[in-house]
Amino acid sequence: MDFIKLNSVLAKGGILRIGYEISPALEPYFTTARVFEVEYSEDISTVPESVLVIPFVCNVLPVAWLADAVLELPQLDREFYEGLPEILRGYKEMTPMLEYKGAVQVGQLVDNSFESTEQVAAFFSGGVDAFATLIAHAEEKPQLITIWGADVKLDDAAGWELVKQHAEATSEEFGLPAPLLVRSNFRMLLNEGTLGELVVASGDGWWHGFQHGIALIAHAAPSAYMRRIRTVYIASSYTPEIKAVCASDPTIDNHVHLSSARVWHDQYECSRQQKVQNIVAFCREAARRVNLRVCWITAGGTNCGVCEKCIRTIVALLAEGAAPAAYGFPGWEQLCPHYNGVVRRTLQCGTHLRAIWQDIQDRFQETQAYRKDKRINWIYTLDVNRPLTWKMRVKQAVKQRFPFIARVLRFSKRKLQGK
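Residues numbered from 1 in each chain as written. Predicted model: local features only at pLDDT ≥ 70, side-chain atom pairs only at ≥ 80, totals over all residues. Heavy atoms only, no water.

*Asks:* Before we go on, may I ask you to explain the overall build of the chain in this structure?
*Replies:* Summing up its helical and strand segments, the chain has 15 helices and eleven strands in all. Against the 2.2 N^0.38 benchmark of 22 Å for 419 residues, the chain shows a C-alpha radius of gyration of 22 Å, consistent with a compact globule. In the chain, buried positions account for 53% of the 419 residues. Partitioning the contacts of the chain with sequence separation of at least 6, the portion at a separation of at least 24 is 72%. A total accessible area of about 18800 Å² is found for the chain, and carbon and sulfur atoms account for 52% of it. (Helix = DSSP H or I, 4+ residues; strand = E, 2+ residues; numbered from the N terminus. Rg over C-alpha atoms; globule rule 2.2 N^0.38 Å. Buried < 20%, exposed > 50% of the residue type's maximum accessible area, 1.4 Å probe, protein only. Contact = heavy atoms within 4.5 Å. Areas by Shrake-Rupley, 256 points an atom, 1.4 Å probe, with all protein chains shown as cover.)

*Asks:* Looking at this model, I keep getting lost on the side chain of Gln143. Mind explaining?
*Replies:* Structurally, the position occupied by Gln143 is in strand β7 (residues 143-148). Separated by 3.2 Å, the side chain of Gln143 and the backbone oxygen of Ala178 make a polar contact. The contact partners of Gln143, leaving out residues within four places of it in the chain, are Gln119, Val120, Ala121, Ala122, Pro177, Ala178, Pro179, Leu180, Ser223 and Arg227. (Polar contact = N/O pair within 3.5 Å; in protein donor to acceptor, adjacent residues only side chain to side chain.)

*Asks:* Could you clarify how one ought to interpret the packing of helix α11 (residues 308-319) against helix α12 (residues 332-347) in this entry?
*Replies:* Geometry of a packed helix pair, given as the angle between the helix axes and the separation of the axes. The N-to-C vectors of α11 and α12 enclose an angle of 110°; their axes lie 9 Å apart at closest approach. By the criterion of interaxial angle, the relationship of α11 to α12 is roughly perpendicular. In the packing of α11 onto α12, the handedness of the crossing is left-handed. Packed against α11, whose contacting residues are Glu308, Ile311, Ile314 and Leu318, the element α12 presents Trp332, Tyr339, Val342, Val343 and Thr346 at the interface. Taken together, the residues that form the contact of α11 with α12 break down as seven nonpolar, one polar and one charged. (Axes fitted to C-alpha atoms, helices over the stretch in contact; angles between N-to-C directions. Parallel < 35°, antiparallel > 145°, perpendicular 65-115°, else oblique. Left-handed = near helix turned anticlockwise from the far one by under 90°. Nonpolar A, V, L, I, M, F, W, Y, C, P; charged D, E, K, R; others polar.)

*Asks:* What is the right way to read the packing of aromatic side chains from this model?
*Replies:* Given two aromatic rings, one states the distance between the centres and the angle between the planes to describe the pair. A complete count under the given rule lists 15 aromatic pairs for this structure. Aromatic pair Phe36 and Phe56: ring centres 6.0 Å apart, planes at 55°, arrangement tilted. With Phe36 in strand β3 (residues 35-40) and Phe56 in helix α2 (residues 54-66), this residue pair connects regions lying 20 residues apart in the sequence. Accessibility expressed as a relative area gives 0% for Phe36, which makes it buried. Relative to Trp160, the ring of Trp148 lies with its centre 5.2 Å away and its plane at 5°, an arrangement referred to as stacked. With Trp148 in strand β7 and Trp160 in helix α5 (residues 157-173), this pair connects stretches of sequence that are twelve residues apart. By way of ring pairs, the aromatic residues Trp65, Tyr91, Tyr100, Trp206 and Phe210 are connected into one cluster. Cation over ring: Arg183 sits above Trp148, and NZ or CZ is 5.2 Å from the ring centre. Positioned above the aromatic ring of Tyr225, the side-chain terminus of Arg228 is 4.7 Å from the ring centre. (Phe/Tyr/Trp six-rings, centres within 6.5 Å; stacked < 30°, edge-to-face > 60°. Lys NZ or Arg CZ within 6 Å of the ring centre and 35° of its normal.)

*Asks:* Hey, could you run me through the pattern of salt bridges in this one?
*Replies:* Where charged atoms from two side chains of opposite charge come close, those side chains can pair. For the coordinates displayed, the defined rule picks out 17 salt bridges. Note that Arg363 and Glu366 form a salt bridge whose closest N and O atoms lie 2.7 Å from each other. A residue pair is termed a helical-turn pair when its members lie 3 or 4 positions apart in one helix, as Arg363 and Glu366 do in helix α13 (residues 353-367) at three residues. Through salt bridges that share partners, Glu118, Glu140 and Arg230 make up one connected network. (Salt bridge = Lys/Arg side-chain N within 4 Å of Asp/Glu carboxyl O.)

*Asks:* When you look at the sheet that holds strand β6 (residues 120-123) in this model, what are you seeing that I'm missing?
*Replies:* Note: strands within a sheet are paired through backbone hydrogen bonds, in either parallel or antiparallel orientation. Pairing within the open sheet is mixed, and its eleven strands lie in the order β5-β4-β1-β2-β3-β8-β7-β6-β9-β11-β10. Each edge of the open sheet carries a strand with a single partner, namely β5 (103-110) and β10 (257-258). Taken together, the seven bridges between strand β4 (residues 69-77) and β5 define a ladder with parallel strand orientation. Bridging from a neighbouring strand, Val70 pairs with Ala103 of β5. Taken strand by strand, α2 contacts β1 (2-12), β2 (15-22), β3, β4, β5 and β10, and its axis lies near 155° from that of β4. Here α5 sits on the sheet in contact with β7 and β8 (180-184), set at roughly 175° to β7. (Pairing = 2+ DSSP bridges.)

*Asks:* Could you clarify how one ought to interpret empty space enclosed by the protein in this entry?
*Replies:* Over the atoms, a rolling probe the size of a water molecule traces out where space has been left empty. Going through the model one piece at a time under the given rule, you end up with one cavity of 30 Å³ or more. Roughly 30 Å³ of internal volume is contained in the largest cavity. Contributing to the lining of the largest cavity are Asp151, Val152, Arg293, Cys295, Trp296, Thr298 and Gly301. Classifying every residue of the lining of the largest cavity gives three nonpolar, two polar and two charged. (1 Å grid on protein atoms, 1.4 Å probe; cavity = no way out; pocket = protein on both sides within 12 Å on 5 of 7 lines; lining within 4 Å. Points joined across faces, edges and corners; volume = space filled by probe spheres on them.)

*Asks:* For this particular structure, what's the right way to read the state of the cysteines?
*Replies:* What makes a disulfide is a covalent bond joining the sulfur atoms belonging to two cysteines. This structure, assessed with the given rule, holds zero disulfides. Here Cys283 stays free of any disulfide, with the sulfur of Cys270 as its closest cysteine sulfur at 16 Å. The class of Cys283 is buried, set by a relative accessible area of 5%. (Disulfide = S-S within 2.5 Å.)

*Asks:* Explanation requested: the nonpolar core in the structure shown.
*Replies:* Taken as a class, soluble globular proteins show a tendency for nonpolar side chains to be buried jointly. Membership of the largest hydrophobic core comes to 76 residues, with the highest contact counts inside it found for Ile4, Phe30, Leu71 and Leu258. For Phe30, the contacting residues outside a window of four places in its chain are Ile4, Tyr20, Ile22, Val60, Val63, Leu189, Leu190 and Asn191. Among the nonpolar cores identified, the runner-up in size contains 57 residues, and Leu176, Phe282, Ala319 and Phe364 belong to it. (Core = buried A, V, L, I, M, F, W, Y, C linked by side-chain atoms within 4.5 Å.)

*Asks:* Before we go on, may I ask you to explain the layout of surface pockets in this structure?
*Replies:* The space that makes up the second largest pocket amounts to roughly 260 Å³. In terms of lining, the second largest pocket is formed by 18 residues, of which the most central are Met94, Lys243, Ala244, Asp249 and Tyr268. For the lining of the second largest pocket, the secondary-structure elements that each account for two or more residues are α3 (78-94) and α9 (250-253). In terms of residue count, the dominant contributor to the lining of the second largest pocket is α3 (three residues). For the lining of the second largest pocket, the class distribution of residues is nine nonpolar, six polar and three charged.

Pasting the structure below:
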């Protein structure tokens, strides 16, 4: 049977290095790197090996399950291991069209249980979801956790510096402990394109649909153990009404046990527009300024202002009567002519974003504040549920049935555009 085998664990100061090997049949799913490396802004050298391996395990666990491989580990934290059946159940219920056959084989289960303190932690990217969670739990004084290597690439040092400064400034502004800063090469280990072909029947890609949630959460394991953290919050992206394939979901996240620390998929009951509304209300009442960082396209840790996610946030702020420039979107007025077309093209793809845009439109209908504003009044007539065009249906069919051809076409398009 195919295998992913851990063969070395080294923790020195704040650096964690884990070596591993894989069977030849799994080579297409991995890059040439065979060392998982994480650097923490605190010393983790006293953390037991059975806890240190959790970040690596969570990064490759979905690969083992879906590629019918055995993940071989010398030792593993008992509480984490006992949560695995429910994590697997979450994946299976979300993607019943896929087969999960792999297994986890552990030489020794280690009891690292501890009596939790009242300290909590919260993952913090600087976006709408992250700020909504921070505001909701501000009185608990969470330690923020910010990871370099997820949306900001490891070669973007300038971008990371801005993200780092943002996390530090936010912690100081809210009177929180210094943030836990993490540098990880976890997105450089796996071949997301080939893995995307493995899960193409799900209708989603590898990173968003199967990896990012559990992989991000697991990076908190060493700190959670050292600090005896009670709860680790990770912000929700969707609500129960939006049935989307997503690696970050309460059916998965809430069963990731970091020793005795528990994970909570936070604000799942709130729509994105409700979160924006809460952020704006907080800033007005507390006389504070929140600089949102939502863009995952541009380098440099800033907002491009023209991608769908930036537009979505700008328009959501306008719906609440807020000035986008005060929330990290300067110059948005000059970019407005592009907005209508970008949003309509996105919605023609038939994505889960339709529900989010419907909430935004409903909020505009409530206030009627921009009926005469030509820059943005297209929102009132936006057909959120417009049927897919025949071109989009063909594109989706090609993407699902012939993923390799779809990748070649995307690559060719980027080359022609000089990107």
